[in-house]
Structures are given as C-alpha cells and as structure tokens.
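# Report on the structure
Below, each chain spelled out in residue letters.
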Amino acid sequence: MKRNITIFFALLCTSLAFGQGKYGKVLNSKKLALSYKTVKPVDKDDYYQQYYWLVKAEQLKTYPHLADIKPVVLYNFVKKVNPQNPTKKLDERGKELRHTAELSLDQYFKNKNFQNNQVLLLNLETYVDPSQGEYFTKVDAEKIKQLVPKEFFGFTSLNKKTQEETNYYLWVDKKNDKFNIVDIIPNEKDNAKFYASVKQYLPKYKFEKKYMPTVKKGSKADKTDKDFFYIMPFEQNKDNIEYKTEDFKTFILSQVKREGEAWIGVEKPRK
C-alpha cells in the first residue's frame, strides 16, 4: 500500500457510499477485469487504480479477524491509505515505468490471465506507484490488530523505501454506518482541558506514536458509558494514563498512574 509516511493524520470520516470516478461503482475485481475490452486508453489510470484498490481490499477480507467488516468499508479504507497518483503528476521516469507496466497489464487482461498472478500484481503495483516514493507503503494484513472486536482496528503501514512505520486506526461506526480513520492521540487545540488535566497529574508525560494502545469499550450495562472507548496508551511500567472518547474528537482523562504507584481515578462524577 502507499501513502506518504509523513502525513499529518487528522480525523477522516467517509460515508459508506460507492467510490468516485468512472469505475467507482464496480466493487468486484473479477467483474471489473472482465470489462477490460470496453476501457478506453484515456481511462486506464482510473481503471487500473480501481482494480488495485479492489484487489487489496479483497485480500484484507480473507483474514478471519477482518471477516465481519463490510467489503465496502475495507475498500474505502484502502482508498484512504492508497490515494490515486495520476500520470500527469509523475516525472518522466515515472511515466516511463507506468507505460511499461501498462503494456504488461494489457496483455494479461486481454487474455483474462489475472487469477493469482504475482507478475500481474507486481506490474499493477508498479503502475499505481511507479516512483516507489511519495506513496509507497504497505499494510501487512497478518499484523492488523483487532483492538475492539468488530469495531476498532490498528493497522501498521511500512514505507518499503525508508522502512519507516506509521500506525493507522480504523473505527467501524456501526450506529451511523460509517467508517472513520482516526488519530487516538487527542488534538491539543480542541482538548485544552484534557491536556491541562494530564499536566496537573503528570507534568512530564509525553505521548508515543510508535506503539499501539490497549483499547476497550465502556460497560454495556451503563447507557451513559457503553459507547465510550477507553484508551490506555503504550502500557509500560512508567507514568501512564487512561482516557476515553465517544467520537475520537473530544477526549476525557479517566485514570492516571505515576511510576511505581497504583492507578487513581481522576474523572469528575457525571451529574
């Protein structure tokens, strides 16, 4: 998969609508592949990009821990992590590599030779990201963590060029039939009270983005609590915090733990 590893990953919310573009309504890779003969040269960018998105989403769907996620959710997630890189944005070397990959892909698609073909997939990856630079990252489905069953998942992307890793978080909002790619670290500008509370109890506390947190849902028996996600970042035997959120926009400090001491609750009782 591909994405600039230095991206500022703010909250992104997308409804589960069909994809955009000429081929966005085709959400099955085999069906799209069989329509190859109707594709005009000017539409190749959209066609092969859509096929790439579908193949990647269908690969994720084969993993048991992702089986309950709607295919369209995985498709939209792949689109977010793998934004399109149109030919017109490429340098001359990139255009040359894309053209060479296209010639190979055309032969496979004309002959309907696209089942479990690693050479085709390699050419497809070269086509959508010939520079292997700005967007070139990969998500290993086997390492996807189901942090809250069927609702909250952690994805680690690897930039295959720089070997840098970035964590992504997918929240499946079943209530509103949406998926959200979220940042689990509160936005400081929008959560001034939260950061003031953290500083009050743990003045030297700093967030780490490298490690995935522990996440759990609130009590199902308590209607005021059941929709909250409780986040405990990067468990280790040091200063630590637990905080909660319903929407990954507003966060509330729940517990704190000073190194060598027990956890203490700091949330003010609800009225």
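All values reported here derive from a predicted model rather than from experimental measurement.

### Describing the nonpolar core
If you look at the biggest cluster of nonpolar residues, it comprises 41 residues, and the most contacted ones within it are Tyr47, Tyr48, Tyr51, Leu60, Phe109, Phe153 and Leu170. Looking at this core, the elements with two or more residues in it are α1 (29-34), α2 (44-61), α3 (71-81), α4 (92-110), α5 (118-128), β4 (152-159), β5 (165-173) and β6 (178-182). Here this core gets nine residues from one element, more than from any other, and that element is α2. Phe109 has contacts with Ala33, Tyr36, Tyr47, Tyr48, Tyr51, Phe114 and Leu120, leaving out every residue within four places of it along the chain. Counting 26 residues, the second-largest nonpolar core is a separate cluster that includes Ile185, Met212, Phe251 and Val266.

### Concerning the pattern of salt bridges
Evaluation of the coordinates by the stated rule reveals 10 salt bridges. Lys216 is the salt-bridge partner of Glu242, the closest N and O atoms lying 3.9 Å from each other. Highlighted residues: Glu242 in strand β9 (residues 240-245) and Lys216 in strand β7 (residues 214-217), separated in sequence by 26 residues. The exposure class of Glu242 is buried, given its relative accessible area of 4%. Linked through salt bridges whose partners overlap, the residues forming this network are Lys44, Glu102 and Asp106.

### Regarding the confidence of the model for the protein chain
For the protein chain, the average pLDDT comes to 83, and 87% of its residues sit at 70 or higher. Within the protein chain, the element-level pLDDT minimum falls on strand β1 (residues 12-15), averaging 32, and the maximum on strand β8 (residues 229-232), averaging 96. Between residues 1-19, whose pLDDT stays under 50, and residues either more than four places distant or in other chains, the model counts 74 contacts.

### Some points on the packing of α2 against α4
Running from N to C, α2 and α4 cross one another at 70°; their axes reach a closest spacing of 12 Å. In terms of axis orientation, α2 runs roughly perpendicular to α4. When the axes of α2 and α4 are compared, the crossing they make is left-handed. Counted together, Lys44, Asp45, Tyr47, Tyr48 and Tyr51 of α2 and Arg98, Glu102, Leu105, Asp106 and Phe109 of α4 form the full contact between these two elements. Split into classes, the residues belonging to the contact of α2 with α4 amount to five nonpolar, no polar and five charged.

### Considering the sheet that holds β7
The antiparallel open sheet is built from five strands, whose spatial order is β7-β8-β9-β10-β11. Two strands in the sheet have a free side with no partner beyond their single neighbour: β7 and β11 (264-265). When β9 meets strand β10 (residues 252-257), the two strands line up antiparallel, connected through five bridges. The residue bridging Tyr243 from the neighbouring strand is Leu253, located in β10. In this fold helix α6 (residues 192-201) packs onto β9 and β10, with an angle of close to 15° to the strand it touches most, β10.

### Let's talk about the environment of Lys210
Here Lys210 is to be found in the loop between α6 and β7. Taking relative accessible area as the criterion, Lys210 reaches 63% and is therefore assigned exposed. Separated by 54 residues in the primary sequence, Lys210 and Thr156 have C-alpha atoms spaced 9.6 Å apart.

### A closer look at α3
Buried residues dominate α3, accounting for nine of its 11 residues. Within the sequence span of α3, burial applies to Val72, Val73, Leu74, Tyr75, Asn76, Phe77, Val78, Lys79 and Val81.

### A word on the side chain of Asp225
Among the structural elements, Asp225 can be located in the loop between β7 and β8. For the buried Asp225, which has no salt bridge, the nearest side chain bearing the opposite charge is Lys244, at an N-O separation of 4.3 Å. Those residues within four positions of Asp225 in sequence are excluded, and the remaining contacts are Gly218, Ser219, Tyr230 and Lys244.

Conventions and cut-offs
- Residues numbered from 1 in each chain as written.
- Predicted model: local features only at pLDDT ≥ 70, side-chain atom pairs only at ≥ 80, totals over all residues.
- Heavy atoms only, no water.
- Core = buried A, V, L, I, M, F, W, Y, C linked by side-chain atoms within 4.5 Å.
- Buried < 20%, exposed > 50% of the residue type's maximum accessible area, 1.4 Å probe, protein only.
- Helix = DSSP H or I, 4+ residues; strand = E, 2+ residues; numbered from the N terminus.
- Contact = heavy atoms within 4.5 Å.
- Salt bridge = Lys/Arg side-chain N within 4 Å of Asp/Glu carboxyl O.
- pLDDT = per-residue confidence, 0-100.
- Axes fitted to C-alpha atoms, helices over the stretch in contact; angles between N-to-C directions.
- Parallel < 35°, antiparallel > 145°, perpendicular 65-115°, else oblique.
- Left-handed = near helix turned anticlockwise from the far one by under 90°.
- Nonpolar A, V, L, I, M, F, W, Y, C, P; charged D, E, K, R; others polar.
- Pairing = 2+ DSSP bridges.
- Lys, Arg positive; Asp, Glu negative; His and termini not counted.

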